[in-house]
Amino acid sequence: MASAILNAPASSLELASRFSPATLYAALAVAAIAAAAIQSLSRRPPSGKIHDLGVFSFLSAWAFFAKRHDFIWATFKEVGTGMFRFRVLRHSVVALSGDTARKAFFTEPGLELRDGYALAVGAAPWLNDNVGDTNRKVESMFTKQVHHFFRTDRVGELLPVLFDDIQTHMESCGREGTINPFTEIYNLAFSMLVRLASCHELSKDKEALAQLARHYWDLEKSSTPFALMFPWFPGPGRRSIERATKNMCDLVSGFVELRRRATEPSSDAIDILIAEGATNDAIVAFTLGSLFAGLTPIGMSREYLSNIEVPSEQMSPIDIVCWNLLYLGMHPEWKAKVSAEIQAHLEQHTTVISSQPLHERLASIPISAWEHELPVLDSVVRETVRMTHGTQTLFRRNMGGDIYIDGSKIRSGEFLAYSAADVHRNPDIYSQPLSFDPARFNEDRAEDKKYPHAHVGWGSGTRILWYTFAVGANFERRFLALIFAGYEFEIVDATGKLPTELLWPDKNDILKFSYQKQSTPVGGPYFLKFRRVVD
């Protein structure tokens, strides 16, 4: 084909030159879809109890990326079975539902989380690519580093610094006013994560932080359905991803070099990695990987940033904080219970008559007390995760041999998709599943214990995402404690009125973040109206 184009008559070349780049991109996209169709037609639908959508199911790829929840549940309703198979371009995917399938999804050896999420972020390898071992080695290295830097004693040592950051940020908002939590809390969390995963110089450099955040959001905005379906396509989206990725890496690498030239080492993460002999690339990978894991479950194309792809099974910890505030603001009885618990927590572990500022008193509370002595707040967080995580789709890839789930064959290399709505919004497990009711986790009800893997907000079984759970829970508890102990607040809409209906994230947009639209409520924006009452 290339030689035919090069040898075309001058008139044909002149005609081709008249096409705009957008027209050429569209033509190439059509050609790619046609190629996928031909490839799909060459396959015979597999036999078994799994309903196959047919040889033209590649057309469902757009719905898979753009309206995933609606696509999965509309198809389940249409086919009337607990499993169905479809294709996302060259890849075979099996959607699962039911107790047996859920148990296998979270416990079956060989079903890999990291490899599974490569499909969701447009980075899936060819089915015969042997990338599983490489991915697991990279993931193991990253996990060891995270265990080291986010271990309990280190986070405890940094608590005064982190509370200082929270206090400084809240002071910049004034003693009273109205803020969008999905903007202000994101900005705060971004700087706190940078502090934990990099160095003091970067976390305090406002201009560098702003640049890093801008590059990060540029990357997020490039994750369109088209970019995810065709990550190899040389269009504006790909160039934007490449540019944003390079800018982030270059920025962090500059601060790594700054710390290498420092005369006195510190206890910052970058200095510790330097002392251990890590390369600049490895340090940059850890820093950015920690940011991605803490801020959003998005993954990264292995072509651009393969060694820091960090998939997650839930909304980010920052989103959970925002949604906690929204739900508690709309449920006064639970707001009062959390407030009373935090006040008692503060009185038990600090001197009530102390002249210390509130954030310093909170920072002095032992980290073990934060982790084990706030049952009401823990139930609220757990219910918020169930509610907001209810429509998320989880992924695995079968990196072992062929397996059978509920009598149906899952072939080696196939991807699995499980919608959390199958369990989190199941009325047989959770009474009135669309109601906010943290009491459902009390011992006398224990609805999440009715069936195995009934709450999958942080993974389940052997696949609990301890990083997201531990680090996220630490941030959630401390930030909410400062808000409840130091402020009065209420939730209002754009007109200043309390919302009258329960708020929800977009069930098809739960993990699509952008600078203008994070996982904000449908019908929003909504705001936190606050007044400082304790210094």
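Each value, and the rule that gives it
Residues numbered from 1 in each chain as written. Predicted model: local features only at pLDDT ≥ 70, side-chain atom pairs only at ≥ 80, totals over all residues. Heavy atoms only, no water. Salt bridge = Lys/Arg side-chain N within 4 Å of Asp/Glu carboxyl O. Helix = DSSP H or I, 4+ residues; strand = E, 2+ residues; numbered from the N terminus. pLDDT = per-residue confidence, 0-100. Contact = heavy atoms within 4.5 Å. Phe/Tyr/Trp six-rings, centres within 6.5 Å; stacked < 30°, edge-to-face > 60°. Buried < 20%, exposed > 50% of the residue type's maximum accessible area, 1.4 Å probe, protein only. Lys NZ or Arg CZ within 6 Å of the ring centre and 35° of its normal. Pairing = 2+ DSSP bridges. Axes fitted to C-alpha atoms, helices over the stretch in contact; angles between N-to-C directions. Expected span 1.5 Å × (residues − 1). Core = buried A, V, L, I, M, F, W, Y, C linked by side-chain atoms within 4.5 Å. Parallel < 35°, antiparallel > 145°, perpendicular 65-115°, else oblique. Nonpolar A, V, L, I, M, F, W, Y, C, P; charged D, E, K, R; others polar.

1. Considerations on the pattern of salt bridges
Summed over the entire model, instances satisfying the criterion amount to 22 salt bridges. As a salt-bridge pair, Asp 271 and Arg 259 come within 2.6 Å of each other at their nearest N and O atoms. Residue Asp 271 is found in helix H15 (residues 269–275), and its partner Arg 259 is found in helix H14 (residues 236–260); the two are separated by twelve residues along the sequence. Of the charged contacts, one joins Arg 445 and Asp 437 as a salt bridge, the two residues approaching to 2.9 Å between their closest N and O atoms.

2. Details of the confidence of the model for the protein
Of all residues in the protein, 71% have pLDDT values of 70 or greater, and the mean over the chain is 77. Across residues 1–47 the pLDDT falls below 50, and counting only partners more than four positions away or on other chains, this stretch makes 36 contacts in the model.

3. Description of the packing of aromatic side chains
Enumeration over the complete set of coordinates arrives at 16 aromatic pairs. Taken together, a centroid distance of 5.0 Å and an interplanar angle of 75° make the contact between Phe 76 and Phe 84 edge-to-face. Accessibility classification places Phe 76 together with Phe 84 in one group, the buried group. Three or more aromatic residues link up through ring pairs in this structure, and these residues are Phe 64, Phe 71, Trp 73, Phe 76, Phe 84, Phe 86 and Phe 395. Looking at Lys 337, its charged tip hangs above the ring of Trp 334, at a distance of 4.0 Å from the centre. Looking at Arg 386, its charged tip hangs above the ring of Tyr 430, at a distance of 5.0 Å from the centre.

4. Topic: the sheet that holds strand E9 (residues 415–419)
Here we have six strands laid out as an open sheet, ordered E1-E2-E3-E9-E6-E4, and mixed in their pairing. A strand with exactly one partner marks an edge of an open sheet, and here the two such strands are strand E1 (51–52) and strand E4 (111–112). Against the sheet, helix H5 (residues 68–79) makes contact with E1, strand E2 (83–88), strand E3 (91–96), strand E6 (393–398) and E9, and its axis sits at roughly 135° relative to E2, the strand it touches most.

5. As for H14
Between its first and last C-alpha, H14 extends 36 Å over 25 residues, near the 36 Å set by a 1.5 Å rise per residue. Those residues of H14 lying buried are Arg 238, Ser 240, Ile 241, Ala 244, Thr 245, Met 248, Leu 251, Val 252, Phe 255, Val 256 and Arg 259.

6. A word on unusual backbone geometry
The omega torsion of the bond from Gly 524 to Pro 525 falls at 15°, within 30 degrees of zero and hence cis. Among the secondary structure elements, Pro 525 is positioned in the loop between strand E10 (487–492) and strand E11 (527–532). Its identity is not glycine, yet Asp 406 carries a phi of approximately 55°, on the positive side. Its place among the elements puts Asp 406 in the loop between strand E7 (403–405) and strand E8 (408–410). Using a relative accessible area of 47% as the deciding quantity, one classes Asp 406 as partly exposed. Backbone geometry at His 453 places phi at a positive 55°, although glycine is not the residue there. Within the fold, His 453 resides in the loop between helix H23 (421–424) and helix H24 (466–486). Take His 453: its relative accessible area is 15%, and that puts it in the buried class.

7. Structural notes on the nonpolar core
Judged by nonpolar contacts, the single largest core of 88 residues is most densely connected at Leu 212, Leu 325, Leu 362 and Phe 479. Filtering out sequence-adjacent residues up to four positions away, Leu 362 remains in contact with Phe 163, Leu 346, Trp 370, Ala 481 and Leu 482. Membership of the second largest hydrophobic core comes to 40 residues, among which are Phe 64, Ala 104, Phe 395 and Val 423.

8. Re helix H22 (residues 375–388)
The first and last C-alpha atoms of H22 sit 20 Å apart over 14 residues, in line with the 20 Å expected at 1.5 Å per residue. Summarising burial for H22: ten of the 14 residues are buried, a large majority. When we look at burial in H22, the residues that qualify are Leu 377, Ser 379, Val 380, Val 381, Glu 383, Thr 384, Val 385, Arg 386, Met 387 and Thr 388.

9. A word on the packing of helix H18 (residues 317–330) against H22
Following both chains from N to C, one finds H18 and H22 inclined at 100°, their axes separated by 10 Å at the closest point. Between H18 and H22, the angle is such that the two are roughly perpendicular. Across the interface between the two elements, Ile 320, Trp 323, Asn 324, Tyr 327 and Leu 328 of H18 pack against Val 380, Val 381, Thr 384, Val 385, Met 387 and Thr 388 of H22. Across the contact of H18 with H22, the residue classes tally to eight nonpolar, three polar and no charged.

10. Considering the pairing of E2
Across the six residues of E2, six count as buried, placing the element largely inside the fold. Residues Met 83, Arg 85 and Arg 87 of E2 are buried on one face, and the alternating residues Phe 84, Phe 86 and Val 88, pointing to the opposite face, are buried as well. Relative to E2, E1 runs parallel, the two sharing two bridges. By the bridge assignment for E2, Asp 52 is matched with Arg 85. The pairing of E2 with E3 spans six bridges and is antiparallel. Looking across to E3, one finds that Arg 85 is bridged to Val 94.

11. Structural notes on the environment of Ser 240
Take Ser 240: it is sitting in helix H14. Given a relative accessible area of 16%, Ser 240 falls into the buried group. C-alpha of Ser 240 to C-alpha of His 215: the two residues are 25 residues apart in sequence and 9.6 Å apart in space.

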